[in-house]
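Residue-level structure breakdown
If you want the building blocks of each chain, they are given just below.
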Amino acid sequence: ISYLPFSTLGGIDTRKLEVDNGRVSGVILEENSQYLVDYDSDMLNPTVYVFNAKIAETTSGVTTYGPVCHAAFKIDLENSVTFREHFSLAEVAFDENMMRKDFGICKCEGLVFQVYGTQVANNKDTDEIYYFDFESSENYKLEIKGEKPEILPRHGVTVCAFQRGGTYYLYVFGGQVQND
């Protein structure tokens, strides 16, 4: 996200996303924010998926800040930065344990996977996997069916996913385990 221009909204530096009829929108990267950049097939107009950020909007000199959310927006590399609607965790049944940091992140087809990480609420590692469908603004917790292997809760993992024959495959590599 380093190539997005800065804009100061309400005294806070944000990454400028859109100017529309006098309204300026920006994304505020928090301490726990993470992001993924996904290019389309012709390597133009990337989509940026940001987790654990806030959206700021200024209209007529008044700045408002949204709740912590996950956002997706397109970048027009030829012209200006354009904002695409964001998906906010505040719009769904929000469990504070879903808010995590240091998780693995990858995209496959229309889904973005958020794997393991450390829960912000209690600073404990988790073995949970969520996936987000930004097109439908839905989030899901992955449930393993059948025999569940023992999974050691950890953070800082590297992940990749692919789809074959209607089945998604998710590979998790490494990570760090908290010392109690």
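For the structure given in this document, a descriptive report is provided here. (Residues numbered from 1 in each chain as written. Predicted model: local features only at pLDDT ≥ 70, side-chain atom pairs only at ≥ 80, totals over all residues. Heavy atoms only, no water.)

1. Brief notes about unusual backbone geometry
Glycine aside, the phi torsion of most residues is negative, and most peptide linkages are trans. One non-glycine residue, tyrosine 116, lies in the positive phi region at around 55°. At asparagine 123, a position not held by glycine, the phi torsion is positive, near 55°. Position of asparagine 123 among the secondary structure elements: in the loop between strand E10 (118-119) and strand E11 (129-133). Relative accessible area serves as the criterion here: at 43%, asparagine 123 is assigned to the partly exposed category. (Helix = DSSP H or I, 4+ residues; strand = E, 2+ residues; numbered from the N terminus. Buried < 20%, exposed > 50% of the residue type's maximum accessible area, 1.4 Å probe, protein only.)

2. Looking at the environment of asparagine 122
By the element assignment, asparagine 122 lies in the loop between E10 and E11. By relative accessible area, asparagine 122 is classed as partly exposed at 37%. For the pair asparagine 122 and arginine 100, spaced 22 residues apart in the sequence, the C-alpha separation amounts to 9.8 Å. Of the polar contacts made by the side chain of asparagine 122, one reaches the backbone nitrogen of lysine 124; its length is 3.0 Å. (Polar contact = N/O pair within 3.5 Å; in protein donor to acceptor, adjacent residues only side chain to side chain.)

3. Structural notes on the layout of surface pockets
In this structure, the largest pocket spans a volume of roughly 210 Å³. Sorting the residues of the lining of the largest pocket by element identifies strand E9 (111-115), E11 and strand E14 (167-173) as the ones contributing at least two each. Top element by residues in the lining of the largest pocket is E14. It accounts for four residues. (1 Å grid on protein atoms, 1.4 Å probe; cavity = no way out; pocket = protein on both sides within 12 Å on 5 of 7 lines; lining within 4 Å. Points joined across faces, edges and corners; volume = space filled by probe spheres on them.)

4. Description of the sheet that holds strand E12 (residues 138-141)
Hydrogen bonds between backbone atoms are what pair the strands of a sheet, whose relative direction is either parallel or antiparallel. With antiparallel pairing, the four strands of this open sheet are ordered in space as E8-E9-E11-E12. Whereas interior strands pair on both sides, the edge strands pair on one side only; in this sheet they are strand E8 (104-108) and E12. When strand polarity is set aside, the average angle formed by the axes of neighbouring strands in this sheet is 20°. The sheet contact formed by E9 and E11 spans five bridges and is antiparallel. Across the sheet, the residue bridging to valine 115 is isoleucine 129, located in E11. (Pairing = 2+ DSSP bridges. Axes fitted to C-alpha atoms, helices over the stretch in contact; angles between N-to-C directions.)

5. Re the pairing of E11
Of all five residues that make up E11, four are buried, and the element is covered over most of its length. The pairing of E11 with E12 spans four bridges and is antiparallel. Counted as the bridge partner of tyrosine 130 is lysine 141 from E12. Between the end of E11 and the start of E12, which pair antiparallel, lie four residues, with serine 137 showing a positive phi angle near 55°.

6. Focus: the environment of threonine 126
Inspection of the secondary structure assignment puts threonine 126 in the loop between E10 and E11. A relative accessible area of 4% places threonine 126 in the buried class. Residues threonine 126 and valine 177, spaced 51 residues apart in sequence, show a C-alpha to C-alpha distance of 9.8 Å. When residues no more than four places from it in sequence are discounted, the contact partners of threonine 126 are Arg100, Tyr116, Gly117, Gln119, Pro153 and Arg154. (Contact = heavy atoms within 4.5 Å.)

7. Considerations on the nonpolar core
Generally speaking, a soluble globular protein has its nonpolar side chains buried in company with each other. Within the largest apolar cluster, eleven residues are counted, these being Cys106, Cys108, Leu111, Phe113, Val115, Tyr116, Ile129, Ile151, Val157, Val159 and Ala161. Of all the secondary structure elements, the ones that give two or more residues to this core are E8, E9 and strand E13 (158-164). Residue contributions to this core peak at three residues, all from E9. Here isoleucine 151 is in contact with Tyr116, Asp127 and Ile144, once residues within four sequence places are set aside. Core analysis: the second largest hydrophobic core is formed by ten residues, Phe51, Ala72, Val112 and Tyr130 among them. (Core = buried A, V, L, I, M, F, W, Y, C linked by side-chain atoms within 4.5 Å.)

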